[in-house]
Amino acid sequence: MGITQIIDPFYVNLPSAEYRKFPSVGQFCWVPIVHLDGIPRLLDVERADPTEHYATKFTIRNMGEKDFRKKSRLPIKMLSLRETEELIIHRAKKRPAIIIATTNTCFQDIERLLQTLGKTHLQQSNCLLLLPLYGIEMENHDGGFPSVMVSRIKALLYQQFFYFPREKSPLIFNCVGRLDRIQPVLYHHNVFDLEPYALSPEVLSVLLGMIRNLDSRRHNFSGNH
């Protein structure tokens, strides 16, 4: 027996006049989600001409042991790389996601202090946490989670996966939410496509409970994973 057989309804509709105003916990959205590489790829940039302030030469390579150490480089306009910083590149895809956190603790007196110090990034109220959703293997969709895994995911046997049926939702396929890929995103309306659907209170309660219980144990770990 899976979670879809126990809880009904799985989703609820949000008021049409409200859902676009600001993201809410449990709400569906579409947002760019990065693909994690086993070895991060770096983008080396430099000026082709020392008198030119824009990056005009690029090299993509895997990260090495000597990266993220002090390097002497000419400043490049619009990048502002510091001595120990590198540019990491990722593939990304706009995916459906569930908003699982929308608020942070913020103090007005600290906000004024951070503005004075130029450190407003230390207290941001518009930072959201998202649970990205990935498709499952189907007749018209070869990629994604195979059926043998999906059966166990529906039964909540995985601590890091959660099943989402596509019925009565904005999803194109049945999906799996990956708790091991929870992503922080700064909210901006140009980045998000908010949907007028959300998880029902019962489903949201189960999902948030799984997130609270998610631990860092990894069985059968090896350096090849």
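Just above sits the structure.
From a predicted model like this one, the values you see are computed outputs, not experimental measurements.

Q: I keep staring at the packing of aromatic side chains and nothing clicks. Help me out?
A: A ring pair, where both rings are aromatic, is described by two values, the distance of the centres and the angle of the planes. Tallied over the full model, the rule gives 7 aromatic pairs. Measuring from ring centre to ring centre gives 5.0 Å for Y158 and F161, while their planes differ by 55 degrees; the resulting arrangement is tilted. You can call F161 buried: its relative accessible area is 6%. Both rings, one in Y187 and one in F192, keep their centres 5.0 Å apart while their planes meet at 55 degrees; by these two values the pair is tilted. Across the pair, exposure class does not vary: Y187 and F192 are buried alike. Aromatic ring contacts, followed pair by pair, group F10, Y11 and F28 into a single cluster. The ring of Y134 has R178 lying over it, and the distance from NZ or CZ to the ring centre is 5.8 Å.

Q: Would you explain the pairing of strand β10 (residues 183–186) in this entry?
A: A regular strand carries its side chains on alternate faces of the sheet. Side chains of β10 alternate between two faces, with Q183 and V185 buried and P184 and L186 left unburied. Pairing between strand β7 (residues 127–135) and β10: 4 bridges, direction antiparallel. Within β10, the position partnered with L129 by the bridge is P184.

Q: It is not clear to me how a nonpolar patch on the surface should be interpreted in this structure. Could you clarify?
A: Among the surface-exposed residues, I39, M63, F68 and I88 lie close enough to one another that they form a single nonpolar patch of about 340 Å² accessible area. You can see I88 is positioned in strand β5 (residues 88–89).

Q: Help me understand the sheet that holds strand β4 (residues 57–62) in this model?
A: The strands that make up a sheet pair up through hydrogen bonds in the backbone, lying either parallel or antiparallel. Strand order in the open sheet made by the 3 strands is β4-β3-β5, with antiparallel pairing throughout. Since the sheet does not close on itself, it has two edges, and those belong to β4 and β5, each with one partner. Where strand β3 (residues 41–46) meets β4, 6 bridges bridge the pair, whose relative direction is antiparallel. Counted as the bridge partner of L43 is I60 from β4.

Q: What is the right way to read the pattern of salt bridges from this model?
A: A side chain of one charge can pair with a side chain of the opposite charge if their charged atoms are brought near each other. Inspection of every chain in the model, using the stated rule, returns 9 salt bridges. Across the pair K21 and E18 runs a salt bridge whose closest N-O atoms are separated by 3.7 Å. Residue E18 is classed as partly exposed on the basis of its relative accessible area of 42%. D180 is the salt-bridge partner of R178, the closest N and O atoms lying 2.8 Å from each other. Each of D44, R61, D67, K71 and E86 takes part in salt bridges that share partners, so that together they form one network.

Q: Explain the side chain of N174 to me, please; I cannot follow it from the model alone.
A: Among the structural elements, N174 can be located in the loop between β8 (161–164) and β9 (175–178). Reaching out from N174, the side chain makes a polar contact with the backbone nitrogen of R166 at a distance of 3.0 Å.

Q: Sorry, what's going on with helix α4 (residues 201–213) here?
A: An α-helical segment advances 3.6 residues per turn. Residues three or four places apart therefore align on the same side. End to end, α4 covers 18 Å across 13 residues, agreeing with the expected 18 Å (1.5 Å per residue, within 8%). When we look at burial in α4, the residues that qualify are V203, L204, L207, G209 and M210. Looking at the buried positions of α4, the neighbouring elements they touch are β6 (92–101), β7, β8 and β11 (193–199).

Q: Please explain the layout of surface pockets as it appears in this structure.
A: Space left empty within the atom packing is revealed by a probe, the size of a water molecule, rolled over the atoms. When its volume is computed, the second largest pocket comes out at roughly 240 Å³. What lines the second largest pocket is a set of 15 residues, and nearest its centre among them are K93, R95, P96, G135 and F173. The set of elements that each furnish at least two residues to the lining of the second largest pocket consists of β6 and β7.

Q: I keep staring at the environment of S125 and nothing clicks. Help me out?
A: Residue position: S125 is located in the loop between α2 (108–117) and β7. Beyond its immediate chain neighbours, meaning those up to four positions away, S125 contacts T102 and C106.

Q: Even after reading the chapter, I still don't get the nonpolar core, so can you show me in this structure?
A: Considering soluble globular proteins, one finds that nonpolar side chains tend to be buried as a cluster. Formed by 20 residues in total, the largest nonpolar core has its most connected members in C29, V31, L130, F145, F192 and L194. Only β2 (27–34), β6, β7, α3 (147–154) and β8 provide two or more residues apiece to this core. Setting aside residues no more than four positions away along its own chain, C29 makes contact with R95, P96, A97, I99, L130, F192, D193, L194 and E195. In terms of nonpolar packing, the next biggest core, distinct from the first, is built from 19 residues, F162, C175, L179 and M210 among them.

Conventions used here
- Residues numbered from 1 in each chain as written.
- Predicted model: local features only at pLDDT ≥ 70, side-chain atom pairs only at ≥ 80, totals over all residues.
- Heavy atoms only, no water.
- Phe/Tyr/Trp six-rings, centres within 6.5 Å; stacked < 30°, edge-to-face > 60°.
- Buried < 20%, exposed > 50% of the residue type's maximum accessible area, 1.4 Å probe, protein only.
- Lys NZ or Arg CZ within 6 Å of the ring centre and 35° of its normal.
- Helix = DSSP H or I, 4+ residues; strand = E, 2+ residues; numbered from the N terminus.
- Pairing = 2+ DSSP bridges.
- Patch = residues over 30% accessible without salt bridge, like charges linked within 9 Å, V, L, I, M, F, W, Y side chains within 5 Å.
- Areas by Shrake-Rupley, 256 points an atom, 1.4 Å probe, with all protein chains shown as cover.
- Salt bridge = Lys/Arg side-chain N within 4 Å of Asp/Glu carboxyl O.
- Polar contact = N/O pair within 3.5 Å; in protein donor to acceptor, adjacent residues only side chain to side chain.
- Expected span 1.5 Å × (residues − 1).
- Contact = heavy atoms within 4.5 Å.
- 1 Å grid on protein atoms, 1.4 Å probe; cavity = no way out; pocket = protein on both sides within 12 Å on 5 of 7 lines; lining within 4 Å.
- Points joined across faces, edges and corners; volume = space filled by probe spheres on them.
- Core = buried A, V, L, I, M, F, W, Y, C linked by side-chain atoms within 4.5 Å.

Scope: geometric values only; no functional claims are made or implied.
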